[in-house]
Structure formats: structure tokens, C-alpha cells
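# Commentary on secondary and tertiary structure
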Amino acid sequence: MDYQRPILKNKIYLYLTEFFAGMSVMAVELGASRLLAPYFSSSQIVWTIIIGTIMIAMALGNIMGGRWADKNPNPDKLYGRIIIAATWIALIPVVGKYIILGISGLLVFTISNNFLIIAAFAACMVIFVFPLFLLGTVTPSLVKYTVDSLDDSGKTVGYLNASNTIGSIIGTFVPTFISIPSVGTSITFLIFAGILFALAIIYFISSKVKSVKMIVGTVIFILCIIFGHDSSFAFWQKDLTYEGESIYNYLQVSEDDKKIVLSTNVLFGVQSVYRKEKTLTGMYYDYAMAAPFMAGVKEKSDLEILILGMGTGTFATQCDRYFGNVNVAGVEIDDKITDLAHEYFHLPEDIPVTTYDGRAYLQADDRKYDVIMVDAYQDITIPFQMSSVEFFSQVKDHLKADGVMVVNMNMKSDAEGGINDYLSDTIASVFGNVYTVDVKGNTNRELFATDNDSVLKRFSDNAVREETEDLKSMMAAVESDLKVYEKGDRILTDDKAPVELLSMKAIDELIAEELSYYKDIYEEEGIKGLMDSF
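We now turn to the structure provided with this report. (Residues numbered from 1 in each chain as written. Predicted model: local features only at pLDDT ≥ 70, side-chain atom pairs only at ≥ 80, totals over all residues. Heavy atoms only, no water.)

### Thoughts on empty space enclosed by the protein
Quick reminder of the rule: Using only the protein atoms, space was sampled on a 1 Å grid; points where a 1.4 Å probe fits but cannot get out form cavities, open sets with protein on both sides within 12 Å along at least five of seven lines form pockets, and lining residues are those with an atom within 4 Å of a point. Grid points are joined across faces, edges and corners, and a volume is the space filled by probe spheres set on the points. Helix and strand labels come from DSSP, where a helix needs a run of H or I of at least four residues and a strand needs a run of E of at least two; each type is numbered from the N terminus. Gly is put with the polar residues, along with every residue not named as nonpolar or charged; the nonpolar set is Ala, Val, Leu, Ile, Met, Phe, Trp, Tyr, Cys and Pro, and the charged set is Asp, Glu, Lys and Arg.
Counting across every chain of the model gives 4 cavities of 30 Å³ or more. Put simply, the largest cavity is a space of about 80 Å³. Of all the elements in the fold, those that place two or more residues in the lining of the largest cavity are strand S4 (272-275) and helix H12 (314-322). For the lining of the largest cavity, the residue count by class is 3 nonpolar, 7 polar and 2 charged.

### Looking at the environment of Glu 245
Convention followed: A simple rule labels every residue: compare its accessible area, found with a 1.4 Å probe on the protein chains alone, to the largest value its type can have, and call it buried under 20%, exposed over 50%, or partly exposed in between. Here a polar contact is recorded for every N or O atom pair within 3.5 Å, except that within protein the pair must consist of a potential hydrogen donor and a potential acceptor, and residues adjacent in sequence are included only if both atoms are side-chain atoms.
Along the chain, the position of Glu 245 falls in strand S1 (residues 242-245). Judged by its relative accessible area of 12%, Glu 245 falls in the buried class. Considering only alpha carbons, one finds Glu 245 and Ser 182, 63 residues apart in sequence, at a separation of 8.7 Å. Here Thr 185 takes part through its side chain, which lies 2.4 Å from a polar atom of the side chain of Glu 245.

### Observations concerning helix H6 (residues 138-146)
Heads up, the rule is: The contact rule is simple, with two residues in contact once any of their heavy atoms fall within 4.5 Å.
Within H6, 7 of the 9 residues are buried, which leaves the element mostly enclosed by the surrounding structure. Those residues of H6 that fall on the buried side of the exposure criterion are Val 138, Thr 139, Pro 140, Ser 141, Leu 142, Tyr 145 and Thr 146. Turning to H6, the residues buried within the fold contact helix H1 (11-40), helix H2 (44-71), helix H3 (75-107), helix H5 (129-136) and helix H7 (153-183).

### Quick look at the packing of aromatic side chains
Here is the rule: Here a pair means two rings of Phe, Tyr or Trp (six-membered ring of Trp) with centres within 6.5 Å. Their orientation is stacked below 30 degrees between planes, edge-to-face above 60, and tilted elsewhere. Note on criteria: charge over ring means Lys NZ or Arg CZ within 6 Å of the ring centre, with the direction from the centre no more than 35 degrees off the ring normal.
Considering all chains together, one arrives at 14 aromatic pairs under this definition. Relative to Tyr 159, the ring of Tyr 15 has its centre 6.0 Å away and its plane inclined at 85°; by these criteria the two rings are edge-to-face. With Tyr 15 in helix H1 and Tyr 159 in helix H7, the pair connects residues that are 144 residues apart, well separated along the chain. For Lys 396, the ring lying beneath its charged end belongs to Phe 431, and the centroid distance is 6.0 Å.

### A few points about the sheet that holds strand S5 (residues 303-308)
What counts here: Two strands pair if DSSP finds at least two bridges between them. Lines are fitted to the C-alpha atoms to define the axes, a helix being fitted only along its stretch in contact, and any angle between axes, read from their N-to-C directions, falls within 0 to 180 degrees.
Here 8 strands make up an open sheet; going across it, the order is S7-S6-S5-S8-S9-S11-S10-S12 and the pairing mixed. Edge positions in the sheet fall to strand S7 (353-354) and strand S12 (483-484), since each has one partner strand and no second. Note: strand S6 (residues 326-331) against S7, 2 bridges, orientation parallel. Along S7, the bridge assignment pairs Val 331 with Thr 354. Running over the sheet, helix H16 (residues 419-428) touches strand S9 (399-409), strand S10 (433-438) and strand S11 (445-450) and is turned about 175° from S9.

### Concerning the side chain of Gln 394
Along the chain, the position of Gln 394 falls in helix H15 (residues 389-397). For Gln 394, a relative accessible area of 15% translates into the label buried. Excluding residues within four positions of it along the chain, Gln 394 makes contact with Arg 359, Leu 362 and Gln 363.

### What to know about the sheet that holds S1
Strand order across the open sheet formed by 4 strands is S1-S2-S3-S4, with antiparallel pairing between neighbours. With partners counted over all chains shown, the strands left at the sheet margins are S1 and S4, one partner each. When strand polarity is set aside, the average angle formed by the axes of neighbouring strands in this sheet is 10°. Alignment of strand S3 (residues 259-263) against S4, held across 4 bridges, turns out to be antiparallel.

### Quick notes on the pattern of salt bridges
Where we set the bar: The term salt bridge refers to a pairing of a side-chain nitrogen on Lys or Arg with a carboxyl oxygen on Asp or Glu at a separation within 4 Å.
Under the criterion given, the structure shown has 16 salt bridges. The salt bridge involving Asp 451 is made with Lys 396; its shortest N-O contact spans 2.9 Å. Of this pair, Asp 451 sits in the loop between S11 and helix H17 (455-463) while Lys 396 is found in helix H15, placing the two residues 55 residues apart along the sequence. Residues joined by salt bridges that share partners form a network here, namely Glu 299, Lys 300, Asp 370, Lys 400, Asp 402 and Arg 458.

### Here we look at the packing of H3 against H5
Note the cut-off: Our angle categories are set so that under 35 degrees counts as roughly parallel, over 145 as roughly antiparallel, 65 to 115 as roughly perpendicular, and the remainder as oblique. In this scheme, a crossing is called left-handed if the near helix is turned counterclockwise away from the far one by less than a right angle; it is called right-handed if the turn is clockwise.
With their axes 9 Å apart at the nearest point, H3 and H5 run at an angle of 150° to one another. It follows from the interaxial angle that H3 and H5 lie roughly antiparallel. The handedness of the crossing between H3 and H5 comes out as left-handed. Across the interface between the two elements, Arg 81, Ile 84, Ala 85, Trp 88 and Ile 89 from H3 touch Phe 130, Pro 131, Leu 134 and Leu 135 from H5. Looking at the contact of H3 with H5 residue by residue, the class counts come to 8 nonpolar, no polar and 1 charged.

As C-alpha cells, this is what we get:
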């Protein structure tokens, strides 16, 4: 070997290099999902894009690392690449979100189909491929320095791979359960970039090698520590009441003089809303209030209501406010959202909330309810396990004979064969009576399902007895727009439920509809005309 460095004689250091490289790859992969989620969702499609692009980067890194190790086995080159990778990773929390929005802004005016897929893929390629490509060169390069003879080459390579795998395992658990919930995504990137920096600096200092990359990288890293710890994903909004992360979600609470709003996605949608004047929200929650009337809230002494996908409790709060004879319980998988519900959204303390997956909760619960609300949209899609015929059969089993299920369906579309058509057909294959109503001025559609053949008469009889004028008027509007759903044969099952692809299709339609005005200006007048229109 032409390049002898004393530290390379210590194989423990080489194994540690492999260990921390594997750990950092997985940490960056998990950080990538959290960086992209507020803008593109955390659906299976986005995860597929992240894993795919990272595997491309690692494969190319393995190939080039092997070639470089044979051509020029100078270990200074390897640890120089680690410095560059660490610098790039440290820059991600500083510039990553600006790159994502820049790519999104560029693509939204140039493509019509699969916007989220293409934008997420482009963002991954630009932000994450290069540093992980460099980390992919670590293993073949280290083989060059650790294998002393062919007699023990198999054992040595096995130890290297084991070190990488163990590091990857730890790099999977630490961000998910420790660093991201505790200090956020941005600082998580900085932590693992710092580990790589320390690894390379130890090499250069112990080898007494002067490295411009080390000096420049260290300066940039210090600047990133100063400027890169901003956890705000919606950096253009300066008046947020709360912004943070949980194990499951990016969380944002904003408010004005009339309402408080929870969002889990920067670019799309509102998850919960609380009206300070304690009136109806003007959103789909108001339409869902028809379900208690359909279940006989004015006839029964007590009405049992279960909400799967509690959020911050908008529906629960309204039921508690307007009806004095309801017992409401909620299930919410993200306990941080429940904390926000009590802190900002005035969820009554006597409404119990169980931290659990909605479907798993039904499997463990033997009670029956008058109303079950399914409001399980996560970001821009619904969890596949809560969209299937098997799931809705479970819901039916937990309803009383005259009980009603109400499902919030986001992203309504006029196109045939959309996500809501599949959900409606699936539900209609389980329940005898299905009705839908579109939320005015919104992309939501409410679906009501029951086996009670006289549900419409009961709805009318109960709604007319409502004494609160705003709710009574709302129910009259729902009744006038309520439509019988004629079932088709588009059935989602546990085995086959392509909800992400169907949701992406709906998103494309919504984006095209919302941006058609600006696209026309862009096509006719270019960038200048577009800027003048704002």
C-alpha cells in the first residue's frame, strides 16, 4: 500500500467508520421522510421514492468506491469524501426546504400529471442522492485497508458488513424514537453530520494531514449549527401559535381572531378547527352532525359516539356542545395531537381519548355504538387498513342495529373511478343504505352508511326538533343535498387497496383546477406576467 496512515492499522477505527457511515445513511433516510412529509405527505408512495433514490445512490457509491479504491487507494480521498458528505448533510436543514419549494414551484407550472410523485422524486435526487452516494463509497474503500490477506478476507469483509448493518439498525431507531421527537428533524441532520465530521477530523489530525476540505467543511458546519436549527417547515409564516413534530406528524397550529386551526401538512389541508365564538365551523364537521340525528339523538336518552381519527376533537366538541345526551369517545394514534387538543382546542376533559390505531382499537373493543365517525385521513390519503371491506365490516359489527357510520372523504372529484368512488363502493358492499353529501366550498364529501331502512325519516323527524337555529339550518341544507349512493364494483380489500395512487390522482385534479388561472397567465405572458398577477 502506497499510503500508510498509523490510524488505519487500528481495525477498530475502520469498523467504527463503517458503523457510523451505516448509521448516518439510515438517519438521513428517516430524516428525508420527515423533511418531505409536510410538503408531499408520508404516504407509501413517498417512502418508495425515498428508499428507491437512496438505493440508487448507494449502488452507484459502491461501484465508484470500488473503482476509486483500486485506482487511487489514498485513504485521504475516502475521508475527504466523508467530509463532503457531512457538509452536505449539515446544509440540508438550512437549504432543504427552500429547494423543495423551488422544485415544487417550477414543476407545478410545467407538468399536469403525477405532480407529487415527480416533485418528491426530483427533491430526493437533488437533496439526498449526492451525500449518500459518497457514503456508499465507504465500504469498498475500507475493504482495501482492512483485508491483509486472502486467508482472512471473508472474515474481515463480514465484520465490515456487520458493522455497517449494526450502525444502520441504531440509525433507524435513534432518529425515530429519540432525536426527531426530542429535538426535531433539523437538529437530527446536524447531529449525524457532526458524527461524520468527528470521524474524519480524527483521521486527519491523527495522520497529520492538512486538508482544505476539513477546514472549509468545519466552517460551513459551524455556520449550519448557527443557522440550521430552525425547525419551521412553513418558514414564510411567522405568526404560528405552535409548530413542532411528533413521532407520526409535522404539526402546525395557527389562529386568528375567529378560529384555531391544526394542519399536519404545509401544502395541503386543514385537519381540525375550533371556532372561538363556539359556533359551527363552516366545514365538513357540520355536515357530519347529521349522523347523530340519523341515529335518533332526539329520541334516545343516551347516544354512544365513537370517533376514529379524533384529531383535536372538532366533531367531539360540537357533539358535546349541541347535544346533552351523548357520550363521546375518541381514538387518536398521535398522542401529541391529543395534547394540542387540550392545550389549544378546548377539548373537554371528560371526553376520553385512547392513543391507538383505529382498526386495532375496534379489534380490542366489544362495545356497540349509535354513531361511529371515521375521519382517518393522514396528510392526503387514508390508511389502507382503514379503507377496506374488512375494516368497514368491523365498523358495522360495532354499530347498534340502527346505528350510523359517517365517513369523511377528502378530495372529492368529478372524474370517474376516483378514491371516493372506491371508498363508497366498498362501504356500499357492507351496508344496506349509503348516502353522500358534498361540502360546499370545500373538497370534502360526507358519507353516511346504515342498515336502518327508515334512516331518512328518522333524520328528518329528529332534525326538525332541533332548537338551535344554526344547527337546524345546517341539517336542512344537508337533507336537501343528500343523495342516495348507487353501489358499483370497485372494492378495496386488505389485499388490494391502492389508496395512495388513487389519492395522487385526485391531488393532480385539484392542483390543475386550483392553478389553471395562473397556468394560463404563465403560458400567455411568461414569468413576468405571472409575477405581475400576484
